[in-house]
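Fold and contact review
Read off the chains here:
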Amino acid sequence: MSDWTPKVSIGVIALNEEEYLPRLLDNICAQDYPHDLMEVFLIDSGSTDRTRDLMHDFARSNTSFRNVRVEDNPKRITAAGWNIFLRDFSGEVAIRIDAHAKLPPNFVSQSIAVLAEGEQICGGTRPCTVPEDATDWNRVLLAAEESMFGSSIADYRGGQSKPTYTKSLFHAAMRRAVVEAVGPASEVLLRAEDNDFYYRVRQAGYQLRLDPRIVSYQIVRSSLRSMIKQKYGNGYWMGRACFIQPGAVSAHHLVPFAFVTSLTASAVLAATGRPALFKLICGSYVAADILMSIAAAKESPKSWRALALPAIFPTLHIAYGIGTTRGLVDGLRS
């Protein structure tokens, strides 16, 4: 552990997370960083399940931490919850944790060790994982999410082996000076607010350090339906971000939109007797889909359910692309 041991504030914003929150709270309790230097913010965004009760139970039963606060987020959106945390945290370092996450015991201490090397904001790699009671189908969905073909190519997803500087981070730890310089999260963006925030961090002159010594995990959605909903929503708000904060949008965010647009346009041409482009796009995509599905299947359990991968990938791509299209259209109208 570094000689520098600042006070650390951890923020968790949750909405109806009673299934995942207990494990995450156990992970926070298991941190090897001194608990008397840790403040825990638990922010409920209007849950209708037991999420808020679990937060209060945690606050009552965990007295080893310097402070545990439970707050309500009446606006219910993630950015508003984040702003409650950014406004009121008292530590020298702030770390926001996703409710669908798993933390190893050294997550906080490793984050502080990297900051102690002179960094202002840092994060680590973000492998995906499944719950302890996962089924073979959950592991097939994990294989799709872990595949570069099935999700984004953000640096923190790529298993970086060496420290680097990047455009965005997962579970970033940042010094108070960064928060004060950048200001609150954008509440105009219901998603992609983190992309906007990190863009403004870069605009303020800070470098985002990605260091593989820091590791935390994202738990994949438990059903294909919830993954489709997530991809559509992510795509929609990336489309809106093109008008609200275009600097937060990278080229890879628009690839599914380009795929859906080109597929639709070529299908129209095919319907008018010019099928060459449609055949080329479909043939190229099917070839890539099969190859990437075979690669992803090697990472999933030996189960017949892995045969669904060639259908899962286009479903996710089309959902994201349609979401982006809708977001762009709504952006033009607003």
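Read on for a plain summary of the structure. (Residues numbered from 1 in each chain as written. Predicted model: local features only at pLDDT ≥ 70, side-chain atom pairs only at ≥ 80, totals over all residues. Heavy atoms only, no water.)

**With respect to the overall build of the protein**
- Across its full length, the protein holds eleven helices and eleven strands.
- Contacts in the protein between residues far apart in sequence, at least 24 positions, make up 81% of those at least 6 positions apart.
- Carbon together with sulfur atoms contributes 55% to the accessible area of the protein, which is approximately 15,100 Å² in total.
- Across the protein, the mean location of the 36 positive side-chain charges is 7 Å away from that of the 34 negative side-chain charges. (Helix = DSSP H or I, 4+ residues; strand = E, 2+ residues; numbered from the N terminus. Contact = heavy atoms within 4.5 Å. Areas by Shrake-Rupley, 256 points an atom, 1.4 Å probe, with all protein chains shown as cover. Lys, Arg positive; Asp, Glu negative; His and termini not counted. Charge placed at Lys NZ, Arg CZ, Asp CG, Glu CD.)

**Here's the deal with the packing of helix α3 (residues 78-88) against helix α7 (residues 193-203)**
- Close contact between α3 and α7 brings their axes to 10 Å; oriented N to C, the two are set at 45°. Relative to α7, the element α3 is oriented oblique. On the side of α3, the interface is formed by Thr78, Ala79, Trp82 and Leu86, while α7 contributes Glu193, Asp194 and Phe197.
- A class-by-class count of the residues in the contact of α3 with α7 yields four nonpolar, one polar and two charged. (Axes fitted to C-alpha atoms, helices over the stretch in contact; angles between N-to-C directions. Parallel < 35°, antiparallel > 145°, perpendicular 65-115°, else oblique. Nonpolar A, V, L, I, M, F, W, Y, C, P; charged D, E, K, R; others polar.)

**Focus on the packing of aromatic side chains**
- All told, the structure shown has nine aromatic pairs when counted by the stated rule.
- A ring pair is formed by Phe85 and Phe89, whose centres lie 5.7 Å apart and whose planes are at 40°; its orientation type is tilted.
- Among the residues examined, Phe85 registers a relative accessible area of 1% and is labelled buried.
- Ring geometry for Tyr236 against Trp237: centres 5.1 Å apart, planes inclined by 85°, an arrangement best described as edge-to-face. (Phe/Tyr/Trp six-rings, centres within 6.5 Å; stacked < 30°, edge-to-face > 60°. Buried < 20%, exposed > 50% of the residue type's maximum accessible area, 1.4 Å probe, protein only.)

**With respect to empty space enclosed by the protein**
- Scanning the model with the defined rule gives one cavity of 30 Å³ or more in all.
- In this structure, the largest cavity occupies an estimated 50 Å³ of space.
- Lining the largest cavity are Glu145, Gln218, Ile219, Val220, Arg221, Met227 and Gln230.
- Among the residues making up the lining of the largest cavity, the classes are represented as three nonpolar, two polar and two charged. (1 Å grid on protein atoms, 1.4 Å probe; cavity = no way out; pocket = protein on both sides within 12 Å on 5 of 7 lines; lining within 4 Å. Points joined across faces, edges and corners; volume = space filled by probe spheres on them.)

**Let's talk about the sheet that holds strand β10 (residues 208-215)**
- Reading across from one edge, β3-β2-β1-β4-β9-β6-β10-β8 is the order of the eight strands in this open sheet, with mixed pairing throughout. Either end of the sheet is taken by a strand with one partner, and the two such strands are β3 (67-72) and β8 (164-166). Averaged over all pairs of adjacent strands, the angle between strand axes in this sheet comes to 30°, irrespective of strand direction.
- As defined by bridge partners, strand β2 (residues 38-44) adjoins β3 across six bridges and the pair is classed as parallel. Bridged to Val40 within β3 is Val68. (Pairing = 2+ DSSP bridges.)

**Regarding the pairing of strand β6 (residues 121-125)**
- With respect to burial, β6 is a largely interior element, five of its five residues being buried.
- Note: β6 against strand β9 (residues 173-175), two bridges, orientation antiparallel. From the neighbouring strand, Ile121 faces β9, where its bridge partner is Met174.
- Bridging between β6 and β10 involves four bridges; their strand directions are parallel.

**Observations regarding a nonpolar patch on the surface**
- A cluster of nonpolar residues, Tyr232, Ile318 and Ile322, forms a patch on the protein surface that exposes about 220 Å² of accessible area.
- Mapped onto the fold, Tyr232 is located in helix α8 (residues 224-244). (Patch = residues over 30% accessible without salt bridge, like charges linked within 9 Å, V, L, I, M, F, W, Y side chains within 5 Å. Salt bridge = Lys/Arg side-chain N within 4 Å of Asp/Glu carboxyl O.)

**Side note on helix α1 (residues 21-29)**
- Among the residues of α1, Leu21, Leu24, Leu25, Asn27 and Ile28 are the ones counted as buried. The arc that holds the buried residues of α1, viewed along the axis, is 155°, so those residues lie on one side.
- On the buried face of α1, the contacting elements are β1 (8-14), β2, α2 (51-61), β4 (93-98) and β5 (101-102). (Arc of directions from axis to C-beta.)

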